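# Chains, contacts and geometry: an overview
Each chain, written out:
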Amino acid sequence: MALDRKPAPNDLSAFWMPFTANRQFKKAPRMFVSADGMFYKTDDGRDVLDGTAGLWCCNAGHNRPKIVEAIRQQAGELDYAPAFQMGHPKAFELASAVRDMAPEPFEHVFFTNSGSESVETALKIALAYHRARGEGQRTRLIGRERGYHGVNFGGISVGGIVNNRKFFGSLLTGVDHLPATHLPENAMTRGQPEHGAWLAEELEAICTLHGPENIAAVIVEPMAGSTGVLLPPKGYLEKLREICTKHGILLIFDEVITGFGRLGSSFAAEHFGVMPDLITTAKGLTNGVIPMGAVLATAEIHDAFMTGPEHMIELFHGYTYSGNPIASAAGLATLQTYREEGLFERAAELAPYWEDGLHALADCPHVIDIRNMGLIGAIELEPIAGAPTKRAFQAFLNAYDKGCLIRTTGDIIALSPPLIIEKSHIDQLFGTLRDVLTALD
Ligand code: PXG
């Protein structure tokens, strides 16, 4: 167990923190110094219940023995091996383990170091795949409003979060966006909403506008996480699949959040019974412990590249740390932990209890919508007039003071606990949230 108490560093100025209100944070820092199971420990010695699995990534909870040991051992055995033109056994083992866990059509795994890199990789594979098949005119990409696909240029171009895009120039050209899947008439739905399958029809309109033969891929999160848990209406993903297939367009599911058990199944593709052509992952692949991501590809896509002289590189893409030995070891131990502890099944079993606890908060002040699926939940608050995001951020600060870590995006509270959560923790989380919401301005 790491140190329980550790003084905060006395100079916070050098670290420019990501996606953080730096000046506000540095005036009143919130520091974690250790973590175990469902709880973080703060520098002032308080336990904080992890209601968000870190940033949607620590699906097996914290300080898990198999993962810790695997990293320790691997670091002493083979710390690094060149990723290009050389191999090491663990990367191959992990690729096979991911393939075995994935739905049937996915047979090949390309390693990256983050969700953002998985997205760039998938978009590039899609473009190069069409070119390899003699359809190099398929260059257009389609994303969705309120979609999050990481922070690199491809990802923010297909993504639909205004602040992630508007400061950063002209982005990729040739990108269109589907409308978001969030409809007010679905408010307070438990699980998948009834209304809105028709929103997928917009893809036909975009195809008509540009000519479907010019479109390479559509990328969506099967369930949008970052923008506040926006669920796919019943029939929506099926419709997207149908239109993509009809026009020869690749469908990419960004499963950086939904992959590895979040919805009570290995992948959302399996959960919804809709198969895309490429799946992007990261986060839960290594339990968030070591940076790693992966793109899953069907044999059809992979095999399209396996032509030409055998001494030639087939895909001019990859990272220094693709399949890094320590990350691979962490990934193998993570998947083993998921399997041995039956964590995906556990998430599915707990989901109804989670849903009931979450929706019981509907009578709290300011709550205008509640959404859930698997071990994910969102509570949408009425924004304070003229001060959007302020109310939810106050809820975040108050929950932290009361010993619970939650996430907020806009005026939406997002919850995604480790899959090892017990019913007593669920009660603690929702009990704290009731107190927090009741006391909010
Ligand atoms: N795609 C999706 C669907 C994601 O959710 C990324 C790509 C990018 O992953 P990396 O590893 O590059 O960060 C993500 C990441 C939040 C939150 O609070 C969500 C993410 C990351 C950090 C915070 O909702 N999602």
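You'll find the chain entered in an unreviewed UniProt entry as Beta-alanine--pyruvate transaminase, with Aliiruegeria lutimaris given as the organism. UniProt, in its Cofactor (unreviewed entry) section for the chain, records the words "pyridoxal 5'-phosphate". Under the UniProt heading Sequence similarities (unreviewed entry), the note attached to the chain is "Belongs to the class-III pyridoxal-phosphate-dependent aminotransferase family."

Before going further, it helps to spend a moment on the domain arrangement of the chain. Segmentation of the chain into domains returns domain 1 (2-51 + 342-439) and domain 2 (67-341). Using C-alpha coordinates to define each centre, domain 1 is positioned 26 Å away from domain 2. Together domain 1 and domain 2 conceal approximately 2400 Å² of surface at their shared face, both sides included; 63% is due to carbon and sulfur atoms. Looking at the side of domain 1 facing domain 2, the largest losses of area belong to Phe344, Met373 and Ile376, adding up to 31% of the total buried there.

Take the site of the ligand next. Within the structure, the ligand sits among 15 residues, and Trp56, Gly115, Ser116, Asp254 and Arg407 are positioned closest to it. In the environment of the ligand, an oxygen atom lies 2.9 Å from a nitrogen or oxygen atom belonging to the side chain of Trp56. In this structure, an oxygen atom belonging to the ligand sits 2.6 Å away from a side-chain N or O atom of Ser116. Every element with two or more residues in the shell around the ligand is listed here: α2 (53-56) and α5 (115-132).

Under the definition given, this model contains 20 salt bridges. For Arg140, the salt bridge goes to Asp176, with nearest N and O atoms at 3.0 Å. Remark: Asp176 occurs in strand β6 (residues 175-178) and Arg140 occurs in strand β5 (residues 140-144); sequence separation between them is 36 residues. By relative accessible area, Asp176 is classed as buried at 17%. The salt bridge partner of Arg434 is Asp363, with a shortest N-O separation of 2.9 Å. Within this pair, whereas Arg434 is found in helix α15 (residues 423-439), its partner Asp363 is found in the loop between α13 (343-359) and β11 (367-373), the two being separated by 71 residues in sequence.

If you walk through the whole model with that rule in mind, you get eight aromatic pairs. With 6.4 Å between their ring centres and 80 degrees between their planes, Tyr80 and Tyr321 make a pair best called edge-to-face. You can see Tyr80 sitting in the loop between α3 (65-77) and α4 (89-101) and its partner Tyr321 sitting in the loop between α11 (299-305) and α12 (325-340), a full 241 residues away along the chain. Using a relative accessible area of 32% as the deciding quantity, one classes Tyr80 as partly exposed.

In space, the four strands of this open sheet follow the order β11-β12-β15-β14, with antiparallel pairing throughout. Each having just a single partner strand, β11 and β14 (407-409) make up the two edges of the open sheet. Within this sheet the neighbouring strands show an average axis-to-axis angle of 20 degrees, counted without direction. Bridge analysis of strand β12 (residues 376-381) against strand β15 (residues 412-415) gives four bridges, and the strand direction is antiparallel. Pairing of Gly377 across the sheet is with Leu415, part of β15. Packing against the sheet, α13 makes contact with β11, β12 and β15, and its axis sits at approximately 175 degrees to β11.

With that settled, consider the nonpolar core. With 103 residues, the main nonpolar core has Leu178, Leu203, Val218, Ile379, Ile413, Leu415 and Phe430 as its most contacted residues. Top contributing element to this core by residue count: α12, with eight residues. Looking at which domains feed residues into this core, each of domain 1 (2-51 + 342-439) and domain 2 (67-341) gives three or more. Sequence-distant contacts of Phe430, that is, excluding residues within four places in its chain, are made with Trp354, Gly357, Leu358, Leu361 and Leu415. Listed in part, the 20 residues of the second largest apolar core include Ile125, Leu250, Leu278 and Val295.

Glancing now at the packing of α3 against α12. Close contact between α3 and α12 brings their axes to 8 Å; oriented N to C, the two are set at 155 degrees. Relative to α12, the element α3 lies roughly antiparallel. Crossing angle aside, the handedness with which α3 passes α12 is right-handed. The segment α3 lies against α12, with Lys66, Ile67, Ala70, Ile71, Gln74 and Ala75 engaging Pro325, Ile326, Ala329, Ala330, Ala333, Thr334, Gln336, Thr337 and Glu340. The residue inventory of the contact of α3 with α12, partitioned by class, reads nine nonpolar, four polar and two charged.

Mapped onto the fold, Asp441 is located in the segment after α15. Apart from residues no more than four positions distant in its own chain, Asp441 is found in contact with His366 and Arg391.

The rules we used
Residues numbered from 1 in each chain as written. Predicted model: local features only at pLDDT ≥ 70, side-chain atom pairs only at ≥ 80, totals over all residues. Heavy atoms only, no water. UniProt positions renumbered as here; feature names shortened; annotations may be inferred. Domains from an automatic or database assignment. Buried area = accessible area lost by both parts, 1.4 Å probe. Near = heavy atom within 4 Å. Polar contact = N/O pair within 3.5 Å; in protein donor to acceptor, adjacent residues only side chain to side chain. Helix = DSSP H or I, 4+ residues; strand = E, 2+ residues; numbered from the N terminus. Salt bridge = Lys/Arg side-chain N within 4 Å of Asp/Glu carboxyl O. Buried < 20%, exposed > 50% of the residue type's maximum accessible area, 1.4 Å probe, protein only. Phe/Tyr/Trp six-rings, centres within 6.5 Å; stacked < 30°, edge-to-face > 60°. Pairing = 2+ DSSP bridges. Axes fitted to C-alpha atoms, helices over the stretch in contact; angles between N-to-C directions. Contact = heavy atoms within 4.5 Å. Core = buried A, V, L, I, M, F, W, Y, C linked by side-chain atoms within 4.5 Å. Parallel < 35°, antiparallel > 145°, perpendicular 65-115°, else oblique. Left-handed = near helix turned anticlockwise from the far one by under 90°. Nonpolar A, V, L, I, M, F, W, Y, C, P; charged D, E, K, R; others polar.

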